[in-house]
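# Descriptive analysis of the structure
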Amino acid sequence: MSTKGIARPRVGEKRPPGGVDGRCPAQTPGATAEQDTAHTRLILTNARILTMDAALTEHDPGWIAIEGDRIAALGSGTPPDGEHLDMGGDLIMPGMVNPHCHMPMTLFRGLAEDVDDRLFRYILPLERALVTADVVEVGTALAALELIRGGVTTVADMYYFEDRVGDVIDAAGLRGVIGQTLADFAAPDHSTMDDGFARLNDLAARFADHPRITASAAPHAPYSTGLDVMARVAEWSAAHPDLPVQMHLAETSDELAWAEKTYGCTTVEIADRAGILTPRLVAAHLLYPTEADMDLLSERGVHAAHNARANGKAGRGIAPVCALRARGINVGLATDGPMSGNILDLFSQLAPASMFQKIAGGSRKPLPCRDVIRMATTEGAAALGMADRIGSLEPGKQADLIRISLADPRLHPIYDVYSMLTFATMPTDVRATMVAGRWLMEDRHVSTLDAEKVLSDALQVARRFNARIVEIDATAT
Ligand SMILES: [Zn+2]
């Protein structure tokens with residue numbers, strides 16, 4: 001069933017230097033280019049460009065020149081010569097970065113939504129019995145389709161059979177971090193921790209030179225790995241300093257109780273004892289850090305992935321996002337898996353992320369809209385160690401961008417574009433998605449995946465899951 005529904009990309013396709021006909025387009029007098037535009041090939045014109053650079057520069061109307069997989073130049077005024085593509089006044093902004101996801105779990109989306117023990121009653125038995133490498137591929141393709149259509153260009157995943165997750169991300173044209181889960185509960189892809197580390201090493205070797213895919217270690221959580229395994233991951237991470245580590249941390253009250261009972265300290269302190277708190281770690285959730293924990297996380301340079309919708313759905317409270325950011329901790333905005341947060345685009349996270357902080361602070365002021373958009377772009381990129389490559393539109397960075405239609409009356413008037421994005425824009429407003437200079441979607445049509453086939457494969461797996469659920473329920477009654 002390899003690569004079902006996936007149109008293989010022309011990965012690594014190189015465009016010739018120069019303009020449409022190979023000649024070097026001349027710099028247009030009067031254009032406020034930020035870098036030499038020689039060898040420009042594709043120029044997106046007549047756009048409102050939100051760069052998300054450090055100064056939050058906007059170009060309106062602006063143009064952006066793309067050469068190969070990179071941004072060659074951008075500016076306002078008259079665009080330089082080259083192959084022009086008129087954006088019709090649409091908004092161009094960096095593709096969004098989702099730093100915490102479990103893509104294959106699209107297949108569990110909405111399952112037993114209101115059942116308290118759904119994890120043990122349904123999810124874990126289904127994973128053990130039915131989650132294979134092929135099933136992972138089907139679920140990942142469904143997620144990839146949704147991410148592209150929702151304006152996410154980079155995603156960090158942690159699950160099982162991550163080599164297959166990497167294959168699908170590759171074929172879909174997305175940029176991704178693929179995390180081999182390590183946990184002491186029965187996993188579908190390894191039976192011992194040694195097997196898990198062997199898979200991790202294979203993953204790192206296989207994707208070592210991939211331009212868009214980065215391997216990662218993903219110890220599930222402190223309570224599901226323990227001090228020794230976390231220490232082993234820390235050792236592995238020190239030997240692989242370019243690869244991120246992903247872990248759920250300070251996510252549940254049970255986790256805090258486990259830490260106190262087992263070690264007499266906080267779960268963050270245990271992680272530190274294992275040596276896993278480094279600038280390479282993306283800590284998902286961080287719902288319950290103490291003040292001292294937050295100081296420690298800041299000191300160690302740990303990054304956070306905030307999952308507002310998933311946290312809200314679980315009734316777990318509000319993560320101290322403002323307190324983390326006030327300490328200089330970088331916080332990316334994420335979705336968590338589709339079982340926890342249901343949908344994988346970041347537009348759906350923006351408003352809840354902002355609202356929760358305002359509720360907690362009892363004021364409109366906490367977490368302003370521009371900070372929310374920073375979290376969905378530059379801070380997510382920094383969390384994954386990719387701040388120099390993605391997250392903002394600047395010369396030399398990767399051409400990862402999205403085109404947002406401003407046609408819907410719901411978006412107007414636009415007094416503040418960050419407010420419009422946070423509270424009014426929907427994933428369906430994304431008209432086109434580009435990663436590494438390649439359009440993955442234009443006019444809502446995804447070119448790298450066969451949407452009909454992806455959905456049909458997913459529904460076929462869901463039917464198998466459903467049959468097992470019926471059996472589980474019959475056994476229980
Ligand atoms: Zn998660």
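Residues numbered from 1 in each chain as written. Predicted model: local features only at pLDDT ≥ 70, side-chain atom pairs only at ≥ 80, totals over all residues. Heavy atoms only, no water.

### A word on the overall build of the chain
Across its full length, the chain carries 17 helices and 17 strands. A globule of 477 residues ought to have a C-alpha radius of gyration of about 23 Å, and the chain, at 22 Å, matches this closely. Overall, the chain is about 70 × 50 × 45 Å in size when its C-alpha atoms are taken along their principal axes. Counting every position in the chain, which comprises 477 residues, the buried fraction comes to 58%. Within the chain, residue pairs in contact and separated by at least 24 positions form 73% of the contacts whose partners lie at least 6 positions apart. Total accessible area on the chain is roughly 18,400 Å²; 51% of this is exposed by carbon and sulfur atoms. Both charge centroids of the chain, one from 45 positive and one from 62 negative side chains, sit 3 Å from each other. (Helix = DSSP H or I, 4+ residues; strand = E, 2+ residues; numbered from the N terminus. Rg over C-alpha atoms; globule rule 2.2 N^0.38 Å. Buried < 20%, exposed > 50% of the residue type's maximum accessible area, 1.4 Å probe, protein only. Contact = heavy atoms within 4.5 Å. Areas by Shrake-Rupley, 256 points an atom, 1.4 Å probe, with all protein chains shown as cover. Lys, Arg positive; Asp, Glu negative; His and termini not counted. Charge placed at Lys NZ, Arg CZ, Asp CG, Glu CD.)

### Here's the deal with unusual backbone geometry
The omega angle of the peptide bond from Asp60 to Pro61 is -5 degrees, so this bond is cis rather than trans. By secondary structure assignment, the location of Pro61 is in strand 2 (residues 58-67). Even without being a glycine, Ala112 presents a positive backbone phi close to 50 degrees. Checked against the element boundaries, Ala112 lands in the loop between strand 6 (96-101) and helix 1 (118-130). Phi at His285 is positive, roughly 90 degrees, even though this residue is not glycine. Structurally, His285 can be placed in strand 11 (residues 281-285). You can call His285 buried: its relative accessible area is 2%.

### Points about the coordination of the zinc ion
In this structure, His100 (NE2), His102 (NE2), His248 (NE2) and Asp336 (OD) serve as the protein donors to the zinc ion, at separations of 2.1 to 2.2 Å. If you look at the zinc ion, its four donor atoms make angles of 87 to 167 degrees with each other, and the shape they trace is irregular. The sequence motif formed by the donor residues of the zinc ion is H-x1-H-x145-H-x87-D. Of this pair, His100 sits in strand 6 while Asp336 is found in the loop between strand 13 (331-333) and helix 12 (338-341), placing the two residues 236 residues apart along the sequence. Side by side, His100 and Asp336 carry an identical accessibility label, which is buried. (Donors = N, O, S within 2.8 Å, 3.2 Å for Na, K, Ca; no water. Tetrahedral: all angles 85-135°; square planar, octahedral: opposite > 155°, others 65-115°.)

### Thoughts on the pattern of salt bridges
Two side chains carrying opposite charge are able to pair once their charged atoms lie near each other. According to the stated counting rule, one finds 33 salt bridges in the structure shown. Glu113 serves as the salt-bridge partner of Arg118, at 3.4 Å between the closest nitrogen and oxygen. One salt bridge connects Glu113 with Lys313, and the closest N-O pair in it is separated by 2.7 Å. A residue pair is termed long-range when its members are at least 10 positions apart, and Glu113 in the loop between strand 6 and helix 1 and Lys313 in helix 10 (residues 308-313) qualify at 200 residues. Residue Glu113 is classed as partly exposed on the basis of its relative accessible area of 29%. (Salt bridge = Lys/Arg side-chain N within 4 Å of Asp/Glu carboxyl O.)

### Quick look at the nonpolar core
If you look at the biggest cluster of nonpolar residues, it comprises 119 residues, and the most contacted ones within it are Met103, Phe108, Leu249, Ile276, Leu277, Leu421 and Phe465. Broken down by element, this core gets its largest block of residues, eleven residues, from helix 2 (residues 133-149). Each of domain 1 (41-94 + 400-446) and domain 2 (96-383) gives at least three residues to this core. Filtering out sequence-adjacent residues up to four positions away, Met103 remains in contact with Gly139, Thr140, Ala143, Ala144, Leu147, Val155, Asp157, Val165, Ile169 and Pro338. (Core = buried A, V, L, I, M, F, W, Y, C linked by side-chain atoms within 4.5 Å. Domains from an automatic or database assignment.)

### A few points about the packing of aromatic side chains
For the coordinates displayed, the defined rule picks out three aromatic pairs. Taking 5.0 Å as the distance between ring centres and 35 degrees as the angle between the ring planes, the aromatic pair formed by Phe108 and Phe465 counts as tilted. Here Phe108 is found in the loop between strand 6 and helix 1, whereas its partner Phe465 is found in helix 17 (residues 451-476), with 357 residues between them in sequence. Comparing Phe108 with Phe465, the two get one shared label, buried. Sitting over the ring of Phe197, Arg232 keeps its end group 4.0 Å from the ring centre. (Phe/Tyr/Trp six-rings, centres within 6.5 Å; stacked < 30°, edge-to-face > 60°. Lys NZ or Arg CZ within 6 Å of the ring centre and 35° of its normal.)

### Some details on the environment of Arg309
As for its placement among the helices and strands, Arg309 is situated in helix 10. Residue class for Arg309 comes out partly exposed when judged on its relative accessible area of 27%. C-alpha separation for the pair Arg309 and Thr335, spaced 26 residues apart in sequence, amounts to 7.1 Å. Apart from the residues within four sequence positions on either side, Arg309 is in contact with Gly341, Asn342, Ile343, Ser348, Gln349 and Pro352.

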